[in-house]
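Residue-level listing of the chains:
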Amino acid sequence: MGVDLPAAVLFDRDGTLVKDVPYNTDPARVEPMPGARAALDRLRAASVPVGVVTNQSGIAKGLITPAQLDAVNRRVEDLLGPFAIWAVCPHDDGDGCPCRKPAPGLILRAAAVLGIAPRDCVLIGDIARDTRAAHAAGARGILVPTPETLPAEVTSATEVAADLPLAVEMALTPRPTPAPPTCPPCPDRKTATGHPSRPPMTATLGPPPSPDEHDLAGRHPCADAAAVLDRPRFPDEQGFAGHSPSPCAEDIPDVVDPVTGRAEPGSRRRAVRAEASRRRTAFRSSRSPGHA
Ligand SMILES: [Mg+2]
Ligand SMILES: [Zn+2]
């Protein structure tokens with residue numbers, strides 16, 4: 001098995017592997033979804049174990065007997081098996097069980113039985129309950145929508161495939177790296193390299209900061225310098241998830257020569273560094289000897 005292949009691919013049953021017949025008690029009504037057989041065979045050819053993780057609240061509701069559930073599952077196994085694992089939740093929403101998707105329990109159970117890490121699993125399902133369960137388990141979730149899938153479930157899914165064979169091809173390629181947030185947390189130079197759309201702050205401000213470049217309030221000197229320059233806040237500082245990053249050197253304009261009207265190259269950097277240096281000196285000299 002290649003190093004990037006998933007340790008297992010788990011499938012939701014109803015609406016994913018077989019057509020959704022609500023609370024189906026009749027094996028004769030089991031009908032594979034388009035491409036299901038081919039998708040499963042593709043995984044088996046790659047030696048990737050396949051399994052089923054399915055919510056069956058019809059048991060808790062008294063609409064399906066355990067024997068009927070077994071008969072339907074056996075029919076699924078006959079048509080699309082063999083499966084390395086079947087993990088079934090017989091509970092309902094109000095039961096507070098740890099296994100009904102979107103809870104992660106079925107995926108954790110399947111991974112434990114297979115002796116693999118949940119994060120190395122992929123779950124393919126037709127609704128957000130499936131992909132949420134995958135993510136709750138640390139696994140990868142791929143949505144294959146049907147006409148019953150809500151548009152919001154499609155738009156909020158991190159990975160969507162038009163059909164099962166395409167979902168399996170997706171599962172057989174490495175997990176995509178998450179896109180960077182549109183605006184990161186405050187680009188403190190001690191822990192981050194800065195805004196993705198800007199050069200790293202260290203490229204502007206020179207050598208890495210010493211620890212005492214942060215004052216007791218934890219603020220970075222470039223923020224102080226920007227405040228001293230009395231710069232209005234840019235609209236895009238109202239950033240990611242309500243976080244307002246400190247203004248930094250990249251945002252401070254060059255000093256414009258009043259005679260020529262032209263920006264003075266490097267003046268911004270000098271202004272920031274001079275102000276940061278002045279503040280450090282003033283801060284150090286203000287500290288009591290006990291804090292030296
Ligand atoms: Mg389903
Ligand atoms: Zn359960």
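Procedures and definitions
- Residues numbered from 1 in each chain as written.
- Chains lettered and ligands numbered in written order.
- Predicted model: local features only at pLDDT ≥ 70, side-chain atom pairs only at ≥ 80, totals over all residues.
- Helix = DSSP H or I, 4+ residues; strand = E, 2+ residues; numbered from the N terminus.
- Buried ≥ 20, exposed ≤ 12 C-beta atoms within 10 Å, placed from the backbone.
- Contact = placed C-beta atoms within 7 Å.
- Pairing = 2+ DSSP bridges.
- Right-handed = clockwise from strand over helix to strand, strands pointing away.
- pLDDT = per-residue confidence, 0-100.
- Expected span 1.5 Å × (residues − 1).
- Arc of directions from axis to C-beta.
- Core = buried A, V, L, I, M, F, W, Y, C linked by C-beta atoms within 7 Å.
- Axes fitted to C-alpha atoms, helices over the stretch in contact; angles between N-to-C directions.
- Parallel < 35°, antiparallel > 145°, perpendicular 65-115°, else oblique.
- Left-handed = near helix turned anticlockwise from the far one by under 90°.
- Nonpolar A, V, L, I, M, F, W, Y, C, P; charged D, E, K, R; others polar.

Colleague: Help me understand the overall build of the protein chain, please; the structure alone is not making it clear to me.
Modeller: The secondary structure content of the protein chain amounts to ten helices and five strands. Counting all 292 residues of the protein chain, 32% fall into the buried class. A fraction of 59% describes how many contacts in the protein chain between residues 6 or more apart in sequence connect residues 24 or more apart.

Colleague: What exactly am I supposed to notice about the pairing of strand 4 (residues 121–125) here?
Modeller: Residues in a regular strand point their side chains to alternate faces of the sheet. Burial runs high along strand 4: five of the five residues are buried. Going residue by residue along strand 4, you find Cys 121, Leu 123 and Gly 125 tucked away on one face and Val 122 and Ile 124 tucked away on the opposite face as well. Sheet analysis places strand 1 (residues 8–11) next to strand 4, joined by four bridges and oriented parallel. Residue pairing across strands places Phe 11 opposite Ile 124, the latter belonging to strand 4. Remark: the strand 4/helix 5 (residues 128–136)/strand 5 (residues 140–143) crossover connection has right-handed handedness.

Colleague: How do you make sense of the confidence of the model for the protein chain when you look at a structure like this?
Modeller: Do not read the predicted coordinates in detail wherever pLDDT is low. Averaged over every residue, the pLDDT of the protein chain is 75; residues scoring 70 or more account for 60%. Segment residues 186–253 is flagged for pLDDT under 50; beyond a separation of four residues in sequence, or across chains, it makes 93 contacts in the model. When the criterion is pLDDT under 50, residues 286–292 qualifies, and its contacts beyond four places in sequence or with other chains add up to one contact.

Colleague: Honestly, helix 3 (residues 66–80) in this entry has me stumped. Any pointers?
Modeller: For helix 3, which comprises 15 residues, the first-to-last C-alpha distance of 21 Å matches the rise-based estimate of 21 Å (1.5 Å per residue) to within 8%. Along helix 3, the positions that sit buried rather than exposed are Val 72, Asn 73, Val 76 and Leu 80. In a view along the axis of helix 3, the buried residues occupy a sector of 100°, so they form one face of it. Among the exposed residues of helix 3, those oriented more than 90 degrees off its buried face are Ala 67 and Asp 78. In this structure, the buried side of helix 3 is in contact with helix 1 (36–45) and strand 3 (85–89).

Colleague: Is there a simple way to explain unusual backbone geometry in this structure?
Modeller: Keep in mind that most residues, glycine aside, have a negative phi and that most peptide bonds are trans. With omega at 5°, the peptide bond leading from Gly 81 into Pro 82 counts as cis. Of note, Pro 82 is situated in the loop between helix 3 and strand 3. Despite not being glycine, Tyr 23 has its phi angle at roughly 55°, a positive value. On the neighbour-count criterion, Tyr 23 (14 C-beta atoms within 10 Å) is partly exposed. Not every positive phi belongs to a glycine, and Ser 47 is a case in point at roughly 60°. Note that Ser 47 resides in the loop between helix 1 and strand 2 (50–55). With 9 C-beta atoms counted inside 10 Å, the residue Ser 47 sits in the exposed group.

Colleague: Can you help me understand the nonpolar core in this one?
Modeller: Formed by 44 residues in total, the largest nonpolar core has its most connected members in Val 9, Leu 10, Ile 107, Leu 123 and Ile 124. Counting residues per element, this core draws most heavily on helix 4 (residues 105–114), which supplies five residues. If we ignore the near neighbours within four places in the chain, the residues touching Ile 124 are Val 9, Phe 11, Asp 12, Thr 16, Ile 142, Val 144, Ala 167 and Ala 171.

Colleague: Teacher, can you tell me more about helix 5 here?
Modeller: It helps to recall that an α-helix has 3.6 residues per turn; residues three or four apart then point in one direction. Residues of helix 5 that are buried include every one of Asp 130, Thr 131, Arg 132, Ala 133 and Ala 134, and no others. On the buried face of helix 5, the contacting elements are helix 4, strand 4 and strand 5. Positive phi shows up at Gly 138, right after helix 5, with a value of about 85°.

Colleague: Can you help me understand the environment of Ala 171 in this one?
Modeller: Considering the arrangement of structural elements, one finds Ala 171 in helix 7 (residues 164–171). Assessed through the 26 C-beta atoms surrounding it within 10 Å, Ala 171 is described here as buried. Along the chain, Ala 171 and Ile 124 lie 47 residues apart, while their C-alpha atoms are 8.7 Å from each other.

Colleague: Just checking my understanding: could you explain the sheet that holds strand 2 for this structure?
Modeller: By definition, the strands of a sheet pair up through backbone hydrogen bonds, in either a parallel or an antiparallel sense. Within the open sheet, the five strands sit side by side as 3-2-1-4-5. Their pairing is parallel. In this open sheet, the two strands that pair with only one neighbour each are strand 3 and strand 5. When the angles between neighbouring strand axes are averaged without regard to direction, this sheet yields 20°.

Colleague: Sorry if this is basic, but what is going on with the packing of helix 1 against helix 7 here?
Modeller: To characterise two packed helices, one gives the angle between the axes of the helices and the distance between these axes. The interhelical angle for the contact between helix 1 and helix 7, taken along N-to-C directions, is 20°, at an axis separation of 8 Å. The orientation of helix 1 relative to helix 7 falls into the category roughly parallel. The interaxial crossing formed by helix 1 with helix 7 has right-handed handedness. On the side of helix 1, the interface is formed by Ala 36, Ala 38, Ala 39, Arg 42 and Leu 43, while helix 7 contributes Leu 164, Pro 165, Ala 167 and Val 168. Its residues assigned to classes, the contact of helix 1 with helix 7 shows eight nonpolar, no polar and one charged.

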